[in-house]
Amino acid sequence: MADTTENTVTDLADLKTIAGDAPQGDAAEIAQRAEVPLREQELDKQGRAYATGRRKDATARVWVKPGTGKIIINGRDQEVYFARPTLRLVIDQPFAITERQGQYDVIATVKGGGLSGQAGAVKHGIAQALAKYEPALRSTVKAAGFLTRDSRVVERKKFGRAKARRSFQFSKR
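Below is a summary of the structure that appears in this document. Remember, it's a predicted structure, so these values are computed and weren't measured experimentally.

Quick notes on the environment of Asp150
Among the secondary structure elements, Asp150 is positioned in the segment after α6 (138–143). By relative accessible area, Asp150 is classed as partly exposed at 25%. Asp150 sits 26 residues away from His124 along the chain, and the two C-alpha atoms are 8.9 Å apart. Excluding residues within four positions of it along the chain, Asp150 makes contact with Arg55 and Lys56. For Asp150, the side chain forms a polar contact with the side chain of Arg152, separated by 2.8 Å.

Topic: helix α5 (residues 115–133)
Over its 19 residues, α5 extends 26 Å from the first C-alpha to the last, a length consistent with the 27 Å expected when each residue adds 1.5 Å. Burial runs high along α5: 15 of the 19 residues are buried.

Digging into the side chain of Arg55
As for its position among the elements, Arg55 is in strand β1 (residues 49–55). We classify Arg55 as buried; its relative accessible area is 17%. Those residues within four positions of Arg55 in sequence are excluded, and the remaining contacts are Gly117, Gly120, Ala121, Arg149, Asp150 and Arg152.

Some thoughts on the sheet that holds strand β2 (residues 58–66)
With respect to topology, five strands assemble into an open sheet ordered β1-β2-β5-β3-β4, the strand pairing being mixed. The two strands at the open ends of the sheet, each matched to only one other strand, are β1 and β4 (76–77). Note that strand β3 (residues 71–73) and strand β5 (residues 104–111) share three bridges and pair parallel. Paired with Ile73 across the two strands is Ala108, which belongs to β5. Against the sheet, helix α4 (residues 85–98) touches β3 and β5, its axis set at about 140° to β3. Strand contacts of α5: β1, β2 and β5, with the helix running at about 150° to β1, the strand carrying the most contacts.

Calculation rules
- Residues numbered from 1 in each chain as written.
- Predicted model: local features only at pLDDT ≥ 70, side-chain atom pairs only at ≥ 80, totals over all residues.
- Heavy atoms only, no water.
- Helix = DSSP H or I, 4+ residues; strand = E, 2+ residues; numbered from the N terminus.
- Buried < 20%, exposed > 50% of the residue type's maximum accessible area, 1.4 Å probe, protein only.
- Contact = heavy atoms within 4.5 Å.
- Polar contact = N/O pair within 3.5 Å; in protein donor to acceptor, adjacent residues only side chain to side chain.
- Expected span 1.5 Å × (residues − 1).
- Pairing = 2+ DSSP bridges.
- Axes fitted to C-alpha atoms, helices over the stretch in contact; angles between N-to-C directions.

Given below as structure tokens:
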């Protein structure tokens, strides 16, 4: 069994040249290819990015387009629909993390659940739509955990129990 010297691998660079996986071109061209995002921008005919957000029992359909930062939910302004400031803070989180406050208009329709779940659903939808409109922001939004759907839902009530897990009060008599 003769060993050929041209196929001997001593380090990782040799392995890449043998496999043919070594990047071709000069350093500037390689760096330019590394900056290109893996995903493409996904827009509809009106130039908007669409996404669906979910949280608890709430589902939000969200459209994002460049604008002045106006957020409309079910035909009403966000200050009217989400009167609590904490819920408006939840909705603004994706814009705050990507430093895009006041640059996009949002139109959302929300169904199901309560106000807290609906705010979480709109946040999830905005984060998904932002990642579709600007694919370069995807890593920032994903690192913050906004692209992951929070799958926690209310546990059902069981028979023979007061609630899902709570028993009725015990009495000896």
